[in-house]
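# Understanding the architecture of this molecule
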Amino acid sequence: MLGFGVGALTVLGVAAAAGTGMLQTRPQPASNSAATSPSPPPTPSAAAVAGFPGPRAGATLVYDPENKGVILFGGTHTVPHADGTNEGVSTGDTWLWDGKSWRRFEVPGPPARSVAMAAYDSKRHVIVLFGGGGPSGAGAAKLLNDTWTWDGARWSEMHPAHVPDGRIRAGMAFDERRGATVMFGGELANGESAETWTWNGTDWNLQNPATSPTVRHFAAMAYDPVHDDTVLFGGSMPGVRLNDTWTWDGTSWTKQAAEAPAASGWSYMTYDPAAKAIVAFVYFGLDNHEPAGYTITWDGSRWTDRTDATQPSPRADVGIAYDPATSQVVVYGGTFDQPQPYSDTWIWDGLKWSLWSPAAGA
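Now for a look at the structure at hand. (Residues numbered from 1 in each chain as written. Predicted model: local features only at pLDDT ≥ 70, side-chain atom pairs only at ≥ 80, totals over all residues. Heavy atoms only, no water.)

### A closer look at the overall build of the protein
When helices and strands are tallied, the protein shows 0 helices and 28 strands. Expressed as a percentage of the 362 residues in the protein, the buried residues total 56%. Residue pairs at least 24 apart in sequence account for 55% of intrachain contacts in the protein once pairs closer than 6 positions are excluded. (Helix = DSSP H or I, 4+ residues; strand = E, 2+ residues; numbered from the N terminus. Buried < 20%, exposed > 50% of the residue type's maximum accessible area, 1.4 Å probe, protein only. Contact = heavy atoms within 4.5 Å.)

So, in structure tokens, the structure goes:
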């Protein structure tokens, strides 16, 4: 099996930088065009009402107020073959988590992909999705640079005048104070990025900040409405795990002086308004280091280690989002040392993690 090995971890799906591997991908049925006429909210598939998205790594998770639940899109799973190989398969399906179960929406949308970037634009009331990697992508790494929005009922492809290079595993968050989606870093076709891009609803703009984080991928971003800034944490560059913290004020990045947490590396974050803190799930692990997972929270000035025995096992390429309808952080899937990604749903209630399971008879 090919993959990006980091300690015991194998990252499935696409890969985009020197030193990463490529799994063969096969597209799933998905429309490249969105509906152009208004439509009512989509109806979940009856066949999938009692189901769930199944094994996948690199899916995006974003809360959707229009549907009062968490939207999951895309990701990668594997299909074993008789010769012992495992084929990575990108998906292009859309799911809703309503706090009790997963339901699939039978709607056309973006082409199949994984490890794309997404955030909810509360000014325009849409989820913004950019890039990722999948069978329809360009070059050997199959990178995508298309922009899509989800309005709660349908996906629509946008056609901006300026477009960032295709990438995967960048950080993305919506800056509520300034009304712009912010994207930083990621894996490009020729290495990691240190670019800061903003999306204003119609076009992408490359920013030129006076100070900036170093190149990286696997960094996490989330907006802190209490302090009115976008927070970036961690990630990695070749051979280096990062645990630095930066904030974006709409013009420049500022490195925070707070003591860095013990956790470092590949990070996934969301803001928890009930706790008034950013919650981060961090995968720690490089060759010759014991892999581990951490849960840490940021209150605007310092990190607190919230790791305990209840949390998910170490994994990368998870989806994470806060569900205000249930006041819980949701984590789905991810990948570690098995050919098939995880298919579990984890819930953080502000104190501990718990593994969700379908209700009896579901």
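After presenting the structure, the write-up continues.
### What to know about the sheet that holds strand β22 (residues 277–284)
Reading across from one edge, β21-β22-β23-β24 is the order of the 4 strands in this open sheet, with antiparallel pairing throughout. Each of the sheet's edge strands pairs with one partner strand only, and the pair in question is β21 (266–272) and β24 (303–305). Going across the sheet, the axis of each strand differs from the next one's by a mean of 25°, ignoring polarity. Relative to strand β23 (residues 292–298), β22 runs antiparallel, the two being bridged by 7 bridges. Note that in β23 the partner of Phe284 across the bridge is Ala292. (Pairing = 2+ DSSP bridges. Axes fitted to C-alpha atoms, helices over the stretch in contact; angles between N-to-C directions.)

### Remarks on the sheet that holds strand β28 (residues 353–355)
On the basis of which strands lie adjacent, the open sheet formed by 4 strands has the order β25-β26-β27-β28 and antiparallel pairing. Edge positions in the sheet fall to β25 (319–323) and β28, since each has one partner strand and no second. Mean inter-strand twist for the sheet, computed between neighbouring axes without regard to direction, equals 25°. Relative to strand β27 (residues 345–348), strand β26 (residues 328–332) runs antiparallel, the two being bridged by 4 bridges. Within β27, the position partnered with Tyr332 by the bridge is Thr345.

### Focus on the pattern of salt bridges
When the charged atoms of two side chains with opposite charge come close together, those side chains can pair. One pass over the structure, following the stated rule, counts 14 salt bridges. Residue Asp98 pairs with Arg103 through a salt bridge whose shortest N-O separation is 3.4 Å. On the basis of relative accessibility, which here comes to 23%, the residue Arg103 falls in the partly exposed class. Residue Arg169 pairs with Glu187 through a salt bridge whose shortest N-O separation is 3.0 Å. Of the two residues, Arg169 is situated in the loop between β10 (155–158) and β11 (171–175) and Glu187 in strand β13 (residues 187–188); the sequence distance between them amounts to 18 residues. Residues Arg169 and Glu187 agree in their burial class; the two are buried. Salt bridges linked by common partners bring Arg169, Glu187 and Asp317 together as one network. (Salt bridge = Lys/Arg side-chain N within 4 Å of Asp/Glu carboxyl O.)

These results come straight from atomic positions and should not be treated as a statement about function.
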